[in-house]
Amino acid sequence: MPEIGKPRRFRTSSLTRGIIAVTTGGAALALPVIGATSAFAAPAQSPAVEKAATSTAASGKGIAAQKSEATTYSVILGDTLAKIAREHSVNGGWKALYEDNQKAVGGNPDLIHPGLKLTIGAKADNKSEKAESKASASSDRAEKSADRSERTDTSLAAEGAPAAEAAPAAEAAPAAEPVSYTNDLDGWIKESLAVMAEHGIPGTYEGIHRNIIRESAGDPQAINNWDINAINGVPSKGLLQVIDPTFQAYHVPGTSTDSYDPVANITAACNYAADKYGSIDNVFGAY
């Protein structure tokens, strides 16, 4: 039974993490190199090679011009590192944001509190410098490879060597099949756990199932029309008996906005419980 005058804590919201990982890499021009059997003077670099090297160097300068300034963000109620990283398009997602602000956040990325100051783009300059350096190195390698390739072609032509055969194209990997869940309590819990994993919300099947049985006996349409919350016009609803204000505050993106929806109800309640108790697994009574 919830405390009088307070919303029931049957929603678990833990800081969502977006387990979105994006990587950037520079493409290096790789050309075959075959040693000549005798030494000779290298011919002048062709205009095509000069153009390729110039283009590569210019792209390196473009990368350097993309440096961005760091900004400061103040955490508000309902924020998670995953949500903030997604809304500000942070390269590397919540993991990169946590790495840049680990000293301020502390050892648990699931726990951030309103008013906490986060720096977004703190390592942008450093990353841009690395990208510029990598682009410059790539340009140097391209120029040297082009020069070696031209000398090699001349040597092969003189010796009458046969042209190398093209390597067969690699087969594309088959697309992963979407996961399907049964439309029952077991399927709802498993689907919620999958969403929670994407957003970094802690919780186990056993912890969720135990609280659902206590709160609603597994009925997704359950509603409490008699306690203080109902009297105040915000009755507890769904599998984990969440009142509407709590559901809206801890709703997890990608799930239904209907508080009676089983997966949305479970995920929002677990998000709330993670914020207040560390995990739905730590809840053994009215929350």
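A quick note: this is a predicted structure, and the numbers were derived from the prediction, not measured.

A short note on the pairing of strand β2 (residues 117-120)
Within a regular beta strand, the side chains point alternately toward one face of the sheet and then the other, so they alternate between its two faces. The two faces of β2 differ: L118 and I120 on one face are buried, but K117 and T119 on the other face are not. In the sheet, strand β1 (residues 71-74) pairs with β2 via four bridges, with the strands oriented antiparallel. By the bridge assignment for β2, Y73 is matched with L118.

Some details on the packing of helix α6 (residues 185-199) against helix α10 (residues 262-277)
With their axes 9 Å apart at the nearest point, α6 and α10 run at an angle of 50° to one another. Viewed along their axes, α6 and α10 adopt a mutual orientation that is oblique. Between α6 and α10 lies a crossing of right-handed hand. The residues of α10 that touch α6, namely those facing W188, I189, E191, S192, V195 and M196, are P262, V263, I266, T267 and C270. When the residues that make up the contact of α6 with α10 are grouped by side-chain class, the tally is eight nonpolar, two polar and one charged.

Description of the nonpolar core
With 25 residues, the main nonpolar core has I208, I212, L240, I266 and C270 as its most contacted residues. Mapped by element, the contributors of at least two residues to this core are α6, α7 (205-216), α9 (244-250) and α10. The greatest single-element share of this core, amounting to eight residues, is contributed by α10.

A short note on the pattern of salt bridges
When the charged atoms of two side chains lie near each other, side chains of opposite charge can form a pair. Within this structure, the stated rule accounts for five salt bridges. Of the charged contacts, one joins K83 and D79 as a salt bridge, the two residues approaching to 3.8 Å between their closest N and O atoms. For D79, a relative accessible area of 4% gives the class buried. Salt-bridge contacts for R214 lead to E215; the nearest nitrogen and oxygen are separated by 3.0 Å. Classification of R214 by relative accessible area gives partly exposed; the value is 34%.

Side note on α10
The end-to-end C-alpha distance of α10 is 22 Å, a good match for the 22 Å that 16 residues give at a rise of 1.5 Å each. In terms of burial, α10 is a largely internal element, 14 of the 16 residues being buried. Positive backbone phi, approximately 95°, marks G278, located one or two places after α10.

So, how was this worked out
Position numbers for residues start from 1 in each chain and track the written sequence from start to end. In keeping with the predicted nature of the model, local features appear solely for residues at pLDDT of at least 70, side-chain atom pairs appear and are counted solely at 80 or more, and the whole-chain, interface and lining totals rest on all residues. Note: side-chain values were computed over all heavy atoms of the structure, leaving out hydrogens and water. Accessible area is worked out with a 1.4 Å probe on protein chains only. A residue is then buried under 20% of its type maximum, exposed over 50%, and partly exposed in between. Strands are runs of DSSP state E lasting at least two residues, helices are runs of H or I lasting at least four, and both sets are numbered from the N terminus onward. When DSSP finds two or more bridges between a pair of strands, those strands are recorded as paired. The angle between two axes is taken between their N-to-C directions and runs from 0 to 180 degrees, where each axis is a line fitted to C-alpha atoms and a helix contributes only its stretch in contact. Under this scheme an angle from 65 to 115 degrees is roughly perpendicular, one under 35 degrees roughly parallel, and one over 145 degrees roughly antiparallel; angles in between are oblique. Helix crossings are classified by the rotation of the near helix relative to the far one: an anticlockwise turn of less than a right angle makes the crossing left-handed, while a clockwise turn makes it right-handed. Any pair of residues with heavy atoms lying within 4.5 Å of one another is described as a contacting pair. Any residue that is not Ala, Val, Leu, Ile, Met, Phe, Trp, Tyr, Cys, Pro, Asp, Glu, Lys or Arg is counted as polar, Gly included; the first ten are nonpolar and the last four charged. Residues grouped as a nonpolar core are buried Ala, Val, Leu, Ile, Met, Phe, Trp, Tyr and Cys residues, joined through side-chain atoms within 4.5 Å. Salt bridges are counted wherever a side-chain nitrogen of Lys or Arg sits within 4 Å of a carboxyl oxygen of Asp or Glu. Take the residue count of a helix, subtract one, and multiply by 1.5 Å to get its expected span.

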